[in-house]
Amino acid sequence: MKKMIDTDLLVIGGGAAGLCAAAEAAGAGARVTVIESDLHAGGQLVKQTHKFFGSKDEYAGTRGFKIADILLDEINSLGDKVEIRTNTTVTGYYPEEGFFTAMKGEEEYYRIKAKKTVVATGAQERLIPFPNNDLPGVYGAGAVQTLMNVYGVVPGKKVLMVGAGNIGLIVSYQLRQAGVEIAAVVEAMPKVGGYWVHAAKIRRLGIPILLRHTIVEAFGDKVIEGAVIQELDDKFSLIGEPRTIECDVICMAVGLTPTTELFWQADARMLYCPQLCGHVPYRDETMRTSHPDIWVAGDASGIEEASAAMVEGRIAGHSAAKALGLPVREESFKEYWTRLDHLRAGEVGEKIRGGICQVLVDGWEA
Amino acid sequence: MELIQKHPILEFRHGNEVTFTFDGQEMKGFEGEPIAMALHANDVRIYRVTPEMKRPRGFFCAIGKCSSCFMVVDGVPNVRTCVTPLEPGMKVETQHGKGLVPLEAK
Ligand SMILES: Cc1cc2nc3c(=O)[nH]c(=O)nc-3n(C[C@H](O)[C@H](O)[C@H](O)COP(=O)(O)OP(=O)(O)OC[C@H]3O[C@@H](n4cnc5c(N)ncnc54)[C@H](O)[C@@H]3O)c2cc1C
Ligand code: FES
């Protein structure tokens, strides 16, 4: 077993952001190691069967899992500059010694020493409190997608979807593609959070979207057999009669929060930012955190979309390569920011812009 | 196994079919795919029982981040079965409580 590995650039997380950071830095000549805890690279992308929104530069109109293939092809075309280690989790950062620890599988540990690091660990799913929310059958939306879209396993017979944001809507549609019945989609807010096109698809399939409704309880002897839902008033107090819904899966699509443990361990400056869905590191325009050797990209920097995650990955990879002393194309940096601004323009980008301006700093003191 | 037979967009390329055991019972699954997925395909939903309140637990995140899917695999407790690849002949067991370190177990 190798106890310590060395690399120029360590990329933690092989999702949309991490793969782009790796491709960009390797394109500039860096030796890159990508560590990915899943059994394959691609992150959220590999679970998505729908055609992505966003702009053409970020492969809008292409199905998510195919975007992952495009990025991996780009990386493969760079020869052996990038090494992707799957089934390996970065478990910690030791600032005094300046190395990371990694765990391959469950039992093989080693250390990684990197000159620069991009942390692109993505997001974690949220759960809301209700009695019996721990029974088997209460699954995160991502888990349901992994089951059915990656491994082809039927998640259940009948699903109650909690949350009508884009994820709840898209996963409901994907469940129907897999032949699973949806009892209903419940949403506490008075309007659908996701894009109109996705809601329309669900309604066309005859799946009820119950606005101002919440799950109050799950029930079942050992595993989920059903749920109780109820209406909410303007102040989110329960009104009306509770209703029982029979289902064997309750799918939680109530939001994501950035995965940030490693930033905390690195003592990066953090801020709780509701618009970005949790604690996130401050960063400069190059996506560098307050730690001079650590960059951030993707959902780990705030929950947004794959399109933005990919551009942020490019920016981080570009900047890290430059910091390694490698020659980079200076114009790329401006082009990437033009794309980001474009993605965040208009009404849809309002919330994100409001979040970003709180955590974006002019630069770090040397 | 409960597998998706027909899908409008995806084509599933499963690997070799192998045999493993769950609490002594023989089951089939695909080599290299996560243990938790293979169990789910065999209609197994309960992966462990919690130490204090003895609550049944299945998986939740399926990305190795929540610890809901810990099981005893080949005598080793607390294995994240949602990200651990299935191997032929694996001995998978429901984990009761915290599990014992293999040395003590033997
Ligand atoms: C249902 C759904 C539909 C979506 N639809 C769209 C869409 O149409 N258009 C769009 O632009 N976006 C969409 N998105 C959002 C998009 O998928 C994400 O924003 C994007 O994937 C974020 O990329 P990322 O690389 O930051 O994170 P991820 O893709 O989550 O990748 C992070 C990776 O890091 C790994 N990791 C985490 N911690 C560690 C560690 N400690 N060690 C090693 N590896 C680690 C994880 O296993 C994961 O693979 C959708 C998301 C969902 C869930
Ligand atoms: S289901 Fe969350 S760690 Fe396995």
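These numbers were taken from a predicted model, which means no experiment stands behind them. (Residues numbered from 1 in each chain as written. Chains lettered and ligands numbered in written order. Predicted model: local features only at pLDDT ≥ 70, side-chain atom pairs only at ≥ 80, totals over all residues. Heavy atoms only, no water.)

Engineer: Tell me about helix α2 (residues 64-76) of chain A, and please be specific about residues and values.
Structural biologist: Between its terminal C-alpha atoms α2 of chain A stretches 19 Å, which fits the 18 Å expected from 13 residues at 1.5 Å a residue. Check the buried side of α2 of chain A and you find it contacts α1 (16-27), β3 (82-85) and α7 (306-323) of chain A. (Helix = DSSP H or I, 4+ residues; strand = E, 2+ residues; numbered from the N terminus. Expected span 1.5 Å × (residues − 1). Contact = heavy atoms within 4.5 Å.)

Engineer: Would you mind going over the side chain of Asp8 of chain A in detail, with residue names and values included?
Structural biologist: Residue and element names in this part refer to chain A. Along the chain, Asp8 turns up in strand β1 (residues 4-12). Note on Asp8: relative accessible area 14%, which makes it buried. A distance of 2.9 Å separates polar atoms of two side chains, one belonging to Asp8 and the other to Lys115. With residues near it in sequence (within four places) discarded, Asp8 still touches Ala30, Arg31, Ala114, Lys115, Lys116 and Leu324. (Buried < 20%, exposed > 50% of the residue type's maximum accessible area, 1.4 Å probe, protein only. Polar contact = N/O pair within 3.5 Å; in protein donor to acceptor, adjacent residues only side chain to side chain.)

Engineer: Tell me about unusual backbone geometry, residues and numbers included.
Structural biologist: In this structure, Phe236 of chain A is a non-glycine residue whose phi angle is positive, near 60°. Mapped onto the elements, Phe236 of chain A comes out in the loop between β13 (226-232) and β14 (238-246). Although it is not a glycine, Asn78 of chain B sits at a positive phi angle of roughly 60°.

Engineer: Kindly report on the site of ligand 1, identifying the contributing residues and their values.
Structural biologist: Lining the immediate surroundings of ligand 1 are 33 residues, of which Glu36, Gln44, His50, Phe53 and Asp299 of chain A lie closest. Surrounding ligand 1 is a set of residues that belongs to chains A and B. A distance of 3.0 Å separates an oxygen atom of ligand 1 from a polar backbone atom of Ala16 of chain A. Between ligand 1 and Asp299 of chain A, the relevant distance is 2.7 Å, taken from an oxygen atom to a main-chain nitrogen or oxygen of the residue. Protein chains bury 94% of the 1,000 Å² of accessible surface belonging to ligand 1 in isolation. Listing elements by their share of the shell around ligand 1, those giving two or more residues are α1, β4 (88-94), α4 (166-177) and α7 of chain A. Counting contributing residues per domain, the shell around ligand 1 is built from domain 1 (4-124 + 256-359) and domain 2 (127-252) of chain A, each supplying no fewer than three. (Near = heavy atom within 4 Å. Areas by Shrake-Rupley, 256 points an atom, 1.4 Å probe, with all protein chains shown as cover. Domains from an automatic or database assignment.)

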